[in-house]
Amino acid sequence: MQQSPDKDPEDPLEFCTPLTSLQPFHNRKPHLTDDEKDPYWEDLPDSSLVHYSEEEWTKVQNWSISPTDVHIGPSVFSYTMANQILGLGKWLHNPEIDAVMYLFRENTHLRRWKPDRVVFMSCLFSAQIRSAYHKLLVDKRKFKLDSWLLEYGKRELPLYGRNKNGNHWISLCITFSLRTIEVFDCLGGKYIKEMEAFAVIIPRTVKAVQTTANKKQQKVAQYGVSYLPMKLGINSSCGDCGVFSLKHIECHLFGMDLSLMDDENILAARYKMAIDLFMAAYDPVLIGRRALYTPPQHNVSDVVDIV
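Residues numbered from 1 in each chain as written. Predicted model: local features only at pLDDT ≥ 70, side-chain atom pairs only at ≥ 80, totals over all residues. Heavy atoms only, no water.

J.: Which parts of the structure should I look at to understand the environment of Val200?
T.: You can see Val200 is positioned in helix α9 (residues 192–208). In this structure, Val200 is in contact with Tyr133, Leu136 and Gln222, ignoring residues within four places of it in sequence. (Helix = DSSP H or I, 4+ residues; strand = E, 2+ residues; numbered from the N terminus. Contact = heavy atoms within 4.5 Å.)

Below, the structure written as structure tokens:
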């Protein structure tokens, strides 16, 4: 988004052009409503990643005239969050990433997405891994996994997502059964030190949450790490890495080619992301689930089989 004239650049609400002045981003023919199937859109390989309707975008624009904060699981969809997501090259912060990851989790739990043996982690997960790995290096004999990591370990597989040193987003797919960590980085970087923490701590977490009978069969040898090839020259803005990371998760989950996402459709992906979050905030099923949700206490000692 462009900076509005005569606005204070220090105020995020003043800095951005109002959403009502933005037109739906379509570098292709706009699609029809859901009950009017458009073969043009259905045949495009990136349709599910960037496709949205004019009607949905109009709802977001109307909301932005007099915006009120609405909840999306543990996150809040606000005017500030909307502007952050919709701005090409704008950095996504933890709240935006966690909001989308929450929606990923709900889509799999409610079987709206076919893949269901998957868990999407919050931004806090990577921080806990780094902390645990540091404690392990300090004293391996006295090392004990934090109860938070044990809670993560009792979920299904695989795991996704992390932030690299607070200045770049990458995605991970950790598969317990294969003992592997796949890294998706739009810049094609290598993170040997950072990935070592995951490769070492994850197998220890998996073993710690097993039943006594199954625990003896679990190994704590570190997982293998591989880096998936990326399309060259993407993320030229240096600020779209968060969006690429989230869309790469979708691609990987559905067996789609990662090269489908590039700088040409990244803005359309941002629009779809904002629209999906807005629509989720008014989804009666998600609203009902949120009302019944009780946060875990993270102090349980039960163990479960996850293999």
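Don't stop here, the text continues.
J.: Can you help me understand unusual backbone geometry in this one?
T.: Negative phi is the rule for most residues except glycine; trans is the rule for most peptide bonds. Although it is not a glycine, Arg111 adopts a positive phi angle of roughly 60°. Within the element layout of this structure, Arg111 appears in the loop between α6 (94–109) and α7 (124–138). Look at Cys238: it is not a glycine, yet its phi comes out positive at around 65°. Structurally, the position occupied by Cys238 is in the loop between β6 (224–227) and α11 (241–253). Judged by its relative accessible area of 61%, Cys238 is exposed. (Buried < 20%, exposed > 50% of the residue type's maximum accessible area, 1.4 Å probe, protein only.)

J.: Just checking my understanding: could you explain the environment of Leu258 for this structure?
T.: Position of Leu258 among the secondary structure elements: in the loop between α11 and α12 (266–281). Residues Leu258 and Cys186, 72 residues apart in the sequence, show an inter-C-alpha distance of 9.5 Å. Discounting residues that sit within four places of it in the chain, Leu258 has contacts with Phe184, Leu228, Pro229, Met230, His248, Cys251 and His252.

J.: Explanation requested: the packing of α6 against α11 in the structure shown.
T.: Where α6 meets α11, the axes come as close as 11 Å, and the angle between the chain directions of the two elements is 10°. As summarised for this structure, α6 and α11 are arranged roughly parallel, according to the angle between their axes. Along the contact surface, α6 presents Ile97, Val100, Met101 and Phe104, while α11 presents Gly242, Leu246, Ile249 and Glu250. Within the contact of α6 with α11, the residues separate by chemical class into 6 nonpolar, 1 polar and 1 charged. (Axes fitted to C-alpha atoms, helices over the stretch in contact; angles between N-to-C directions. Parallel < 35°, antiparallel > 145°, perpendicular 65-115°, else oblique. Nonpolar A, V, L, I, M, F, W, Y, C, P; charged D, E, K, R; others polar.)

J.: Just checking my understanding: could you explain the packing of α11 against α12 for this structure?
T.: When two helices pack together, their arrangement is given by the angle between their axes and by how far apart the axes lie. α12 packs onto α11 with a crossing angle of 75° between their chain directions and a minimal axis gap of 10 Å. Taken together, the axes of α11 and α12 lie roughly perpendicular to each other. Across the interface between the two elements, Val243, Phe244, Leu246 and Lys247 of α11 pack against Ile266, Ala269, Arg270, Lys272 and Met273 of α12. Taken together, the residues that form the contact of α11 with α12 break down as 6 nonpolar, no polar and 3 charged.

J.: In this structure, what is going on with the pattern of salt bridges? I would like to understand it.
T.: For the structure shown, the criterion picks out 6 salt bridges. Of the charged contacts, one joins Arg270 and Asp240 as a salt bridge, the two residues approaching to 2.7 Å between their closest N and O atoms. Within this pair, whereas Arg270 is found in helix α12, its partner Asp240 is found in the loop between β6 and α11, the two being separated by 30 residues in sequence. Neither residue differs from the other here; Arg270 and Asp240 are each classed as buried. A salt bridge links Lys272 to Asp276; the shortest N-O distance between them is 3.4 Å. Here Asp276 and Lys272 lie together in helix α12, a separation of 4 residues that amounts to about one turn. A residue is classified by how much of its surface remains accessible, and Lys272, at 13% relative accessible area, is buried. (Salt bridge = Lys/Arg side-chain N within 4 Å of Asp/Glu carboxyl O.)

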